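These are the residues of each chain, in order.
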Amino acid sequence: MKTLLLKKEEVRSLISMKEVISTVEEAYKAFNSNQVVQPDYIGIHLPPPRGEIDFKLSYYMANEVISMKASSGGFNDNPAVHGVPSGMGTILLFDGKSCALICVMDGSLITGLRTGAAGAVSVKLLARKNSRKVTSIGTGNQARMQIRAISEVMNIEEIHAWDNSPDTLARFKADIEGEFGIPVSMASSKKTAVELADILITTTRGKGTLVEADWIKPGTHIVAIGTDQQGKQELDPEIFRHAKIVNDSTSQCAEKGETWHPLNAKIITYDDIHAEIGEILLGEKPGRENDEEITIFDSTGMAIQDNTTAEKIYRNALGNNVGSFFEFL
Ligand SMILES: NC(=O)c1ccc[n+]([C@@H]2O[C@H](COP(=O)([O-])OP(=O)(O)OC[C@H]3O[C@@H](n4cnc5c(N)ncnc54)[C@H](O)[C@@H]3O)[C@@H](O)[C@H]2O)c1
């Protein structure tokens, strides 16, 4: 039995953002077509100053691949003490027919790629077609991935960015202007930045309201990324009261996404959630229906996104003779 091994730089060279957008669309459609087995993810929190490691599993019937992503984070002493990054990722792919281990690849890039692509898919379905201005609340890794992916599906003319760390904000401006040539204005206040948005991206590690309801103008599309665990929050729950709410997985979003907050505050009920995004992709429910509605895509991130993206990387590697084989048996 031969297992393909892929290093980080090989993974990087084996897939384009356009391909990831298409693998994430496939993942969402599969999820809403009873093609996916995706148990709740599990994790282990190690005693401080160590962080946590999470395991995300999925089986996709159409590609006959079972994926497991192990990702760690919060090991802040790692670079100085152990000479490794503070967070790492590894993906294992098993053949669904035999459960043979077919691939082991570095997984540190895939989370960002598939999360950026998730935002881009939502923009295609839910943003106004004349959207040109993107506001980014949060300017870390995921903010960069959102810009990278969204610029594949629309023409971004200007970005208004805000972060509670001025240094991080300044680095984001330099990086984005250098890489994409899109002007980034560093907002003096969140309110001003949000009021200018056609598309609002939130990608902080915030634990309370960062964006107030009365700052959001009609027609805005909101991509809510940062809240993927209980205890995190970025949006005023009142934003949900009159918005078109779309989840990646309603069971996940209602438990640990931004959608939990308005449900908990009884501002909305489950009946007020318009759709899971796969239902819109499958044509079962409409996306944006007019230029006035406020749309929210709440993404908590799903293992099936890792599965379809990693499987594409594996196929591309086989097709291009990239990687090396190891015989465990
Ligand atoms: N939905 C998903 O699929 C998904 C996937 C990956 C990461 N995430 C989540 O997205 C968030 C951001 O991840 P990242 O990799 O970009 O992290 P990061 O640390 O690179 O960036 C976070 C940014 O938010 C800012 N920030 C932190 N706390 C803040 C606060 N209280 N108020 C305002 N700004 C604050 C930081 O200065 C930084 O610029 C995390 O919560 C992460 O768990 C979600």
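Described in the following lines is the structure provided in the data block. All of these numbers come straight from a predicted model, not from anything done at the bench.

### As for the overall build of the chain
What the chain contains, in helices and strands, is 11 helices and 18 strands. The globule rule puts the C-alpha radius of gyration for 329 residues at 20 Å, and the 20 Å found for the chain is close to it. Dimensions of the chain along its principal axes, counting C-alpha atoms only, are 60 × 45 × 40 Å. For the chain, the proportion of its 329 residues judged to be buried stands at 53%.

### Overview of the site of the ligand
Lining the immediate environment of the ligand, one finds 24 residues, of which Gln 142, Asp 163, Asp 228, Lys 232 and Ser 299 sit closest. Between a nitrogen atom of the ligand and a main-chain N or O atom of Ile 225, the distance comes to 3.1 Å. With respect to the ligand, the side chain of Asp 228 contributes an N or O atom lying 2.9 Å from an oxygen atom. Protein burial of the ligand: of its 860 Å² of free accessible surface, 83% is covered by the chains. Elements with a contribution of two residues or more to the shell around the ligand: helix H4 (110-126) and helix H5 (141-153).

### Considering unusual backbone geometry
Pro 49 follows Pro 48 through a cis peptide bond whose omega is 10°. As for its placement among the helices and strands, Pro 49 is situated in the loop between strand E3 (42-45) and strand E4 (52-60). Phi angles above zero are rare outside glycine, and Cys 99 is one such case at about 65°. We classify Cys 99 as partly exposed; its relative accessible area is 48%. Its identity is not glycine, yet Lys 266 carries a phi of approximately 60°, on the positive side.

### Digging into the packing of helix H2 (residues 17-31) against helix H11 (residues 303-320)
At their nearest, the axes of H2 and H11 sit 8 Å apart, and the two run at 135° to each other. As judged from the angle between their axes, H2 and H11 are oblique. For the crossing formed where H2 meets H11, the hand is right-handed. Where H2 approaches H11, its residues Glu 19, Val 20, Thr 23, Val 24, Glu 26, Ala 27 and Tyr 28 are matched on the opposing element by Ile 304, Gln 305, Thr 308, Thr 309, Lys 312 and Asn 316. Residues of the contact of H2 with H11, tallied by class, amount to 5 nonpolar, 5 polar and 3 charged.

### A word on the environment of Gly 96
Summarising the element assignment, Gly 96 is placed in the loop between strand E6 (89-95) and strand E7 (101-106). For Gly 96, a relative accessible area of 23% puts it in the partly exposed group. Considered as a pair, Gly 96 and Glu 289 are 193 residues apart in the sequence and their alpha carbons are 40 Å apart. Beyond its immediate stretch of four places on either side in the chain, Gly 96 contacts Tyr 59, Glu 64, Val 65 and Ile 66.

### Looking at the side chain of Gln 233
With respect to the helices and strands, the residue Gln 233 is situated in strand E14 (residues 233-235). Relative accessible area serves as the criterion here: at 12%, Gln 233 is assigned to the buried category. Looking at Gln 233, its side chain comes within polar contact range of the main-chain oxygen of Leu 235, at 3.1 Å. Ignoring anything within four residues of it in the chain, the contact list for Gln 233 reads Gly 206, Lys 207, Gly 208, Thr 209, Thr 227, Glu 258 and His 261.

How each quantity is defined
Residues numbered from 1 in each chain as written. Predicted model: local features only at pLDDT ≥ 70, side-chain atom pairs only at ≥ 80, totals over all residues. Heavy atoms only, no water. Helix = DSSP H or I, 4+ residues; strand = E, 2+ residues; numbered from the N terminus. Rg over C-alpha atoms; globule rule 2.2 N^0.38 Å. Buried < 20%, exposed > 50% of the residue type's maximum accessible area, 1.4 Å probe, protein only. Near = heavy atom within 4 Å. Polar contact = N/O pair within 3.5 Å; in protein donor to acceptor, adjacent residues only side chain to side chain. Areas by Shrake-Rupley, 256 points an atom, 1.4 Å probe, with all protein chains shown as cover. Axes fitted to C-alpha atoms, helices over the stretch in contact; angles between N-to-C directions. Parallel < 35°, antiparallel > 145°, perpendicular 65-115°, else oblique. Left-handed = near helix turned anticlockwise from the far one by under 90°. Contact = heavy atoms within 4.5 Å. Nonpolar A, V, L, I, M, F, W, Y, C, P; charged D, E, K, R; others polar.

Remember, this is a structural readout, not a statement about activity or role.
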